[in-house]
Amino acid sequence: MLLDERRHRILQTVENIGFASLQDLVEQTGVSESTIRRDLEHLDRSGHIRRTRGGAAYVGESLADLAERGTRALSEKQAVAKTVAAMIEEGEAILLDGGTTTYEVARHLIGKSLQVVTNSLPILNLLANEPDIELVAIGGYLYPKTGVALGPVAMASLAQIHVRRLIISVGGVTEIGLFNSNTLLVETERRMMEVAEEVVVVTDSGKLGHRALAHLAPLEQVDRVVVDAGITDQWRTIFADAGVEVTIAES
């Protein structure tokens, strides 16, 4: 089992039951107690678990499923998605990662003539019967809570791809960059950023100033952020200083 996959499994286990003993995690992963202790120290530093005597307790934000997360800040996400969809021109090749905001973007792309590459099963299902959209599916380990393909197979598939734009969602943004809640996911998303001419981050303003489990990339690797009108002047300045263009979605 790869390091990132093992740590993700540990985090998921602790989240699901609230507490997991050291022995439980050893049995689940098949590695030594000393390796699990190092993994728990890493996850403790991230702020998502707290090491306790004999195991770990979960203290992070729940990695809720897609349906539940889709109801959060819904009006802001829909405004952002509509704005992004209007930017995309007929005939473009675009890459959509898996997320509630990118799913909303996909909904607004129906009727356009496009090539859409995605690792998101929900987006594939949404666009599968659209005659004007050519779909390319990125395979890999399918994360069950979101239906997103991750890991080495996904990254190998992306090596064959080149797109005009990447539309990417995030779990949080701080001055040091983008964050997401899954270590396997950020490795895949880094490869996505490499194959796109333009990287467009879609987010609601509530995620600005907040971290998630794994650091994805510095702000300087982003070309544009599309965000709702709740963005503050401070965040406009932070993005400008990093060379990131900001587009405000109209409600």
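Residues numbered from 1 in each chain as written. Predicted model: local features only at pLDDT ≥ 70, side-chain atom pairs only at ≥ 80, totals over all residues. Heavy atoms only, no water.

- In the annotation of an unreviewed UniProt entry, the entry for the protein reads HTH-type transcriptional regulator UlaR, and the organism field reads Symmachiella macrocystis.

**Brief notes about the packing of aromatic side chains**
Part 1: Scanning the model with the defined rule gives one aromatic pair in all.
Part 2: Between W235 and F239, the aromatic rings sit 5.3 Å apart at their centres with planes inclined by 45°, giving tilted as the arrangement. Here W235 pairs with F239, and both are found in helix α10 (residues 233–241), just four residues apart, close to one helical turn.
Part 3: Owing to a relative accessible area of 9%, W235 belongs among the buried residues under this scheme. (Phe/Tyr/Trp six-rings, centres within 6.5 Å; stacked < 30°, edge-to-face > 60°. Helix = DSSP H or I, 4+ residues; strand = E, 2+ residues; numbered from the N terminus. Buried < 20%, exposed > 50% of the residue type's maximum accessible area, 1.4 Å probe, protein only.)

**As for the sheet that holds strand β13 (residues 214–217)**
Part 1: The sheet built from three strands is open, its strands ordered β10-β11-β13 with antiparallel pairing. Edge positions in the sheet fall to β10 (172–174) and β13, since each of these pairs with one other strand and no more. For this sheet the average axis-to-axis angle between neighbouring strands, irrespective of direction, equals 35°.
Part 2: Helix α9 (residues 183–194) contacts β11 (177–180) and β13 of the sheet and is inclined by roughly 0° relative to β13. (Pairing = 2+ DSSP bridges. Axes fitted to C-alpha atoms, helices over the stretch in contact; angles between N-to-C directions. Contact = heavy atoms within 4.5 Å.)

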